[in-house]
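Each chain is listed here by its residues.
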Amino acid sequence: NIVKSNTNMAPVAKPKPKKQGGATLEGNILKSPINGVVLEVPVKVGSQVKEGDVVIILEAMKMKTNIYAPTFATIAEISVRNGDNVESGQSLVVFE
């Protein structure tokens, strides 16, 4: 029995990971991917964000890193302020 592959098949697209700027979403808590300094928090508690909206801007080694909302959500808590030093894994934002 010889099995021939079908070369006419279209490649299967892999699902793209959610754009979070490398941040980790654990439950409803968005955690920092890096050690750095908070440059800007362009959202407020109660703000509704959609997937891909910037919720935090961090700086590490003179490079800016945007942290994105992973999904449509409402901001329940902001754990950091401008100028705060953050560590990798630290809570940045809590979603409702």
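To start, this report covers the structure provided alongside it.

Each value, and the rule that gives it
- Residues numbered from 1 in each chain as written.
- Predicted model: local features only at pLDDT ≥ 70, side-chain atom pairs only at ≥ 80, totals over all residues.
- Heavy atoms only, no water.
- Helix = DSSP H or I, 4+ residues; strand = E, 2+ residues; numbered from the N terminus.
- Buried < 20%, exposed > 50% of the residue type's maximum accessible area, 1.4 Å probe, protein only.
- Contact = heavy atoms within 4.5 Å.
- Areas by Shrake-Rupley, 256 points an atom, 1.4 Å probe, with all protein chains shown as cover.
- Pairing = 2+ DSSP bridges.
- Salt bridge = Lys/Arg side-chain N within 4 Å of Asp/Glu carboxyl O.
- Core = buried A, V, L, I, M, F, W, Y, C linked by side-chain atoms within 4.5 Å.

### Description of the overall build of the protein chain
The secondary structure content of the protein chain amounts to 0 helices and 9 strands. Helices (α) and strands (β) of the protein chain occur, in sequence order from the N terminus, as β-β-β-β-β-β-β-β-β. Buried positions account for 29% of the 96 residues belonging to the protein chain. For the protein chain, long-range pairs separated by at least 24 residues make up 55% of all intrachain contacts whose partners lie at least 6 apart in sequence. For the protein chain, the computed accessible surface area is about 6800 Å², with 52% contributed by carbon and sulfur atoms.

### Thoughts on unusual backbone geometry
Of note, the phi angle at Met 61 is positive, near 50°, even though the residue is not glycine. Here Met 61 shows up in the loop between β5 (54-60) and β6 (63-68). Here Lys 62, not a glycine, exhibits a phi torsion of approximately 65°, which is positive. Relative to the helices and strands, Lys 62 resides in the loop between β5 and β6.

### Topic: the sheet that holds strand β7 (residues 73-78)
Reading across from one edge, β1-β2-β9-β7-β4 is the order of the 5 strands in this open sheet, with antiparallel pairing throughout. Each edge of the sheet is formed by a strand with only one pairing partner; in this case those strands are β1 (24-26) and β4 (48-49). Where strand β2 (residues 29-31) and strand β9 (residues 91-95) come together, 3 bridges link them in antiparallel fashion. Among the inter-strand pairings, Ile 29 is bridged to a residue of β9, identified as Val 94.

### Examining the pattern of salt bridges
This model, assessed by the stated rule, comprises 2 salt bridges. Taking the shortest distance from any N to any O, the salt bridge between Lys 31 and Glu 26 comes out at 3.1 Å. Residue Glu 26 is classed as partly exposed on the basis of its relative accessible area, which comes to 42%. Asp 53 is the salt-bridge partner of Lys 50, the closest N and O atoms lying 3.1 Å from each other.

### Section: the nonpolar core
By size, the foremost hydrophobic cluster in this structure holds 18 residues, and its most contacted members are Val 55, Ile 56, Ile 67 and Val 93. Within the residue set of this core, elements represented by two or more residues are β5, β7 and β9.

### Considerations on the sheet that holds β5
Spatial strand order, β6-β5-β3-β8: 4 strands in an open sheet with antiparallel pairing. Edge positions in the sheet fall to β6 and β8 (85-86), since each has one partner strand and no second. Here strand β3 (residues 36-40) pairs with β8 via 2 bridges, running antiparallel. In the strand pairing of β8, Val 37 is matched with Asn 85.

By themselves, these observations are geometric and do not establish any function.
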